[in-house]
Amino acid sequence: MMIKRILTPLILLAGLLLVSPMGLAEPGQRPLLIEGKKTLYQRTLAKPGANLVTSPGNLLAQPVNPFNIYYVYAREQHNGVDWVQVGLDSHGNTQGWIQRTQLIDWNHGLTIAFRDPSGHDRVMLFRDPEQLSRLAETTPGDPAPYDFLYSAAESGQLPPESPVVAMQPKGYVDIRNDFYLVPIREYRDIFIGAEKGRMLRVSTVPHNSNEAGTASLGAPVDSAVRSDTATPATASDRIALDTGVVFVVDASKSMDPYITRTRAAVQKIYDDIARNDPDGDVAFGLVAYRDDTNAVPGLGYRSKLFADLKKGRSASDFFASVAEVKATQVSSQDFREDAYAGIKQAIDQISWGNFQARYMILITDAGAREGSDPLSGTGMSAQSLRQLARDNNIAIFVLHLLTDSAGADHATAREQYKTLSYVPGIGDLYYGVRTGAVGEFGRVLDTLGAQLVAQMSQNAPPPDAMASAETSAEGSSEVAQPTASPAADNPELAALQAKVSKLGYALRMQYLDTPEKGEIPAVFDAWIVDRDLKQPERRALDVRVLLTRDQLSELYQMLREVLEAAEEGMLSPRTFLDDIKTLAATASRDPERLAGSTRSSGGARNLADLGFITEYIEDLPYTGDIMNVTLSDWRNWPAKRQLTFIQRLEEKVQYYRAVHDHTDLWVSLDQGPVDGDSVFPVPLEMLP
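Throughout what follows, the structure given in this document is the object of discussion. (Residues numbered from 1 in each chain as written. Predicted model: local features only at pLDDT ≥ 70, side-chain atom pairs only at ≥ 80, totals over all residues. Heavy atoms only, no water.)

Structural notes on the overall build of the protein chain
For clarity, the threshold we go by: Note on conventions: DSSP H or I runs of at least 4 residues are helices, E runs of at least 2 residues are strands, and numbering of each starts at the N terminus. Only protein chains enter the accessibility calculation, which uses a 1.4 Å probe; a residue whose area is less than 20% of its type maximum is buried, one above 50% is exposed, and one in between is partly exposed. The criterion used for residue contact is that any of the two residues' heavy atoms lie within 4.5 Å. Each accessible area is a Shrake-Rupley estimate made with a 1.4 Å probe; only the visible protein chains count as cover when residues are assessed.
In terms of regular secondary structure, the protein chain is built from 16 helices and 25 strands. Counting every position in the protein chain, which comprises 688 residues, the buried fraction comes to 56%. When contacts within the protein chain are restricted to residue pairs at least 6 apart in sequence, long-range pairs at least 24 apart make up 74% of them. Of the accessible surface of the protein chain, which amounts to about 27800 Å², a share of 50% is contributed by carbon and sulfur atoms.

Written out as structure tokens, the structure is:
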């Protein structure tokens, strides 16, 4: 079964091609600018029931799909009715006219993504912001009113006068696979206990598609809540998942026994499949890595792809490809290796498109080179690399060999790899192999490999129970009951098996065509809070910014310029200040780009005031730390603090480049090829 990277029935932007062009703008015509902006165009969303006409007042109307995104080209009044001329792009190709009352303004592209609700409360949507604000204020001290509302919403017993109009679907809808739009139209700062949160006004409506490809509205608001009480999927609803497993193996000195044992584990899996499930659709790949070859040329390579998933569908092809994988006999510069280079190559160069279950298993005895390390080949941190893997729906496991080697950095490496392997709602997928014992490593690898592959089978049962702890905003683990019987004397392996079980269950539920895979609540306008009301330290949803590929490219280029100036300014703070001011004044590519910021450089306090923040993220409700840096900060910082700033900036830059280059992540709103107008929901925390 192939992962569908097309606009599915849940995609609220479906059907853009159903709208045929009704009118072309004059050559060179551009959309209207947002008031007070110099480069940012007005955008709008179609409400349910909106109709497109060739000219204002025309009676021959064509319906458009709710939440189509349009650029605004003109506004006119005809017979007392306000009309808006709209187009699908910013290049002058207009579609026609829509009544102003049938549109909602949506200029900055803020949208939400619901987190996986398994193991914790679902988000409730409220009709009235004041009632929600009062509930947010009182719930940490008195949860009874909240519990009453939640119970009524979950059971579908809400009275007509209830402040709750709907709730998050019971099943998880992954925005990276089934792209949907829940635009944020307004936000207000509030406090939930001691935690600062934001109350968001959102709009949403689901689609159901029929065989003709047209879209219709979902159920009424009241039935949308009740529909969430449908019987959950059971073992009879199981699904076979195409499974891709890529090993990323440390091939530095002394790793030969583990490389050999990894081959044996894969051979055992292939043998089991051939004996028990010859039609099982699983494939293996392998990337080996060492370290910077400029520092130590004798290493041969930094990272190298030995087997992709295409070759890995066949046991003979896989083993022929990985036969040459051996540990080097040359020592690296220090104990660390460039593990991130191996992981990024596996993300970039493996074709993951045909696999619903995507796993990466890192095998190493050393810490990784963070992006701040001069010998790093990626410039990425554990957090940014984890986000890139999540963007590609890849779960990373880490088998960390805790050998007694001199110079080992196990404590630091453990924190790196726990961060790298963290999965929201499940926890980190990290296992430390005590003393690096080959025997224990082999048993763990056999257990992990067999469990992952078993989950591809149609006969793989869901967990017997889903017991999980709540996850804090910082990422504490949640653990489910395991399906396989772990070693009774190995609680760490038992915990890992439990997480694997929950991860596999979530993947199967994601692809089940049952009511468990819920639709977005069928409400048009509602208020929600971005944190859990009972545990405000935990985020209840993610806020994303819908950026075009051109916008991300512009952001990359702009921050790249700042980074270069900052790196040179390490030697001379005055040089950095002068270079930054020069950049702000000249703007290397577009004379209107930096000058187009509405912030004035006169008396500028920080990088944002100088114009290094683009207009499409200027007014976001969440501000990043990089753009708030002032020139006086830089002048007064010690060298170590300046270096930390440069490292954070480098991580952002490398993440933008990686996302930009992964064309399969981008959604073309007109269903055409990926281009500069294609969009990607960038996590807000990844902005500067």
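What to know about the nonpolar core
Short version of the rule: The term nonpolar core refers to a set of buried residues drawn from Ala, Val, Leu, Ile, Met, Phe, Trp, Tyr and Cys, joined through side-chain atoms within 4.5 Å.
Counting residues in each nonpolar core, the largest one holds 86 residues, and the members touching the most others are Ile112, Val248, Ile343, Met360, Leu362, Tyr417 and Leu420. Among all residues touching Ile112, those that are not within four sequence positions of it are Ile175, Tyr180, Val182, Ile184, Leu200, Val202, Ile528, Leu541 and Asp542.

Let's talk about the pairing of strand β11 (residues 184–192)
For clarity, the cut-off: Between any two strands, at least two bridges found by DSSP are needed for them to pair.
The pairing of β11 with strand β12 (residues 195–202) spans eight bridges and is antiparallel. Paired with Arg188 across the two strands is Met199, which belongs to β12. Between β11 and β12, which follow one another and run antiparallel, lie two residues, and Gly193 among them has a positive phi close to 65°.

Some details on the environment of Leu507
As for its placement among the helices and strands, Leu507 is situated in helix α10 (residues 491–511). You can call Leu507 buried: its relative accessible area is 13%. Residues Leu507 and Ala357, spaced 150 residues apart in sequence, show a C-alpha to C-alpha distance of 6.8 Å. If sequence neighbours within four positions are ignored, Leu507 has contacts with Leu241, Gln356, Ala357 and Tyr359.

Some words on the side chain of Gln102
Along the chain, Gln102 falls in the loop between β6 (94–99) and β7 (103–105). The residues contacting Gln102, other than those within four sequence positions of it, are Leu45, Ala46, Lys47, Gly49, Ala50 and Asn51.

Some words on the packing of helix α7 (residues 382–391) against helix α16 (residues 639–661)
As a reminder, the rule being used: A fitted line through C-alpha atoms serves as each axis, taken over the contacting stretch for helices, and the angle formed by two N-to-C directions is quoted from 0 to 180°. Convention used here: angles under 35 degrees read as roughly parallel, angles over 145 as roughly antiparallel, angles from 65 to 115 as roughly perpendicular, and any remaining angle as oblique. By convention the crossing between two helices is left-handed if the near helix lies anticlockwise of the far one by an angle smaller than a right angle, and right-handed if it lies clockwise. Ten residue types, Ala, Val, Leu, Ile, Met, Phe, Trp, Tyr, Cys and Pro, are classed as nonpolar, four, Asp, Glu, Lys and Arg, as charged, and the remainder, Gly among them, as polar.
Running from amino to carboxyl end, α7 crosses α16 at an angle of 20°, the nearest separation of the two axes being 10 Å. Classed by the angle they form, the pair α7 and α16 counts as roughly parallel. Here α7 and α16 pass one another in a crossing that is right-handed. Two secondary-structure elements touch here, α7 through Ser384, Gln387, Leu388 and Asp391 and α16 through Glu651, Tyr655, Ala658 and Val659. Taken together, the residues that form the contact of α7 with α16 break down as four nonpolar, two polar and two charged.

Details of the sheet that holds strand β1 (residues 43–46)
Spatially, five strands are ordered β6-β5-β4-β1-β7 in an open sheet, and the strand pairing comes out antiparallel. The sheet terminates laterally at β6 and β7, the two strands that pair on one side only. Here the average twist between neighbouring strands, direction ignored, is 45°. Here three bridges tie β1 to strand β4 (residues 69–78), and the two strands are oriented antiparallel to one another. Considered in β4, the bridge of Leu45 is made with Ile69.

Observations regarding the packing of helix α6 (residues 339–349) against α7
At a closest axis distance of 11 Å, the pairing of α6 and α7 adopts a crossing angle of 20°. In terms of orientation, α6 lies roughly parallel with respect to α7. Between α6 and α7 lies a crossing whose hand is left-handed. Contacts from Tyr340, Ile343, Lys344 and Ile347 in α6 reach Ala382, Leu385, Leu388 and Ala389 in α7.

With respect to the packing of aromatic side chains
Stated precisely, the cut-off is as follows: Between 30 and 60 degrees the pair is tilted, below 30 it is stacked and above 60 it is edge-to-face, where a pair is any two Phe, Tyr or Trp rings, Trp via its six-membered ring, whose centres lie within 6.5 Å.
Across all of its chains, the model carries 14 aromatic pairs by this definition. Here Trp666 and Phe680 contribute two aromatic rings whose centre-to-centre distance is 5.7 Å and whose plane-to-plane angle is 55°, an arrangement assigned as tilted. Placement of the pair is Trp666 in the loop between α16 and β25 (679–683) and Phe680 in strand β25, with a sequence separation of 14 residues. On the basis of relative accessibility, which here comes to 2%, the residue Phe680 falls in the buried class. Cluster of aromatic residues (ring-pair linked, three or more members): Phe247, Tyr270, Phe284, Phe318 and Phe319.

Focus: the sheet that holds strand β16 (residues 282–289)
Within a sheet, each strand pairs with its neighbour through backbone hydrogen bonds, oriented either parallel or antiparallel. Here we have six strands laid out as an open sheet, ordered β17-β16-β15-β18-β19-β22, and mixed in their pairing. Each edge of the sheet is formed by a strand with only one pairing partner; in this case those strands are β17 (303–307) and β22 (430–434). On average, adjacent strands in this sheet sit at an angle of 20° to one another, irrespective of strand direction. Where strand β19 (residues 395–402) lies against β22, five bridges are found, and the strand directions are parallel. Across the sheet, Leu402 pairs through a bridge with Arg434, a residue of β22. Set on the sheet, helix α5 (residues 315–322) makes contact with β16 and β17; between it and β17 the angle comes to about 150°. α6 contacts β15 (243–250), β16, β17, β18 (357–364) and β19 of the sheet and is inclined by roughly 45° relative to β17.

Quick look at the pattern of salt bridges
Basically, it comes down to this: Salt bridge, as applied in this entry: a Lys or Arg side-chain nitrogen positioned within 4 Å of an Asp or Glu carboxyl oxygen.
In total, this model carries 26 salt bridges according to the counting rule given. Note that Asp428 is salt-bridged to Lys499, the shortest N-O span being 3.8 Å. With a gap of 71 residues between them, Asp428 in strand β21 (residues 427–428) and Lys499 in helix α10 connect regions that are remote in the sequence. Given a relative accessible area of 10%, Asp428 falls into the buried group. Here Glu440 ties to Arg434 by a salt bridge, and the two come within 3.4 Å at their closest N and O atoms. Overall, the relative accessible area of 45% leaves Arg434 in the partly exposed class. In the salt-bridge network here, residues are joined through shared partners; they are Glu130, Arg185, Glu186, Arg188, Arg201 and Asp525.

What to know about the pairing of strand β24 (residues 541–548)
Buried residues dominate β24, accounting for eight of its eight residues. Two elements, strand β8 (residues 110–114) and β24, share five bridges in a ladder whose sense is antiparallel. Each bridged residue has a counterpart across the sheet, and for Leu110 the counterpart in β24 is Val545.

Concerning the environment of Gly425
If you trace the backbone, Gly425 turns up in the loop between β20 (422–423) and β21. Residue classification places Gly425 among the buried positions, given a relative accessible area of 14%. With 310 residues separating them in the primary sequence, Gly425 and Arg115 have C-alpha atoms 8.4 Å apart.

A few points about helix α9 (residues 438–454)
Side chains of residues three or four places apart in an α-helix project in the same direction, reflecting 3.6 residues per turn. Condition: For a helix, the expected span equals 1.5 Å multiplied by the residue count minus one.
Spanning 17 residues, α9 covers 24 Å between terminal C-alpha atoms, matching the ideal 24 Å at 1.5 Å per step. Residues Glu440, Phe441, Gly442, Val444, Leu445, Leu448, Gly449, Gln451, Leu452 and Val453 constitute the buried set of α9.

Some details on unusual backbone geometry
Although it is not a glycine, Asn79 sits at a positive phi angle of roughly 55°. For Asn79, a relative accessible area of 69% puts it in the exposed group. Although it is not a glycine, Asn393 sits at a positive phi angle of roughly 60°. You can see Asn393 is positioned in the loop between α7 and β19.

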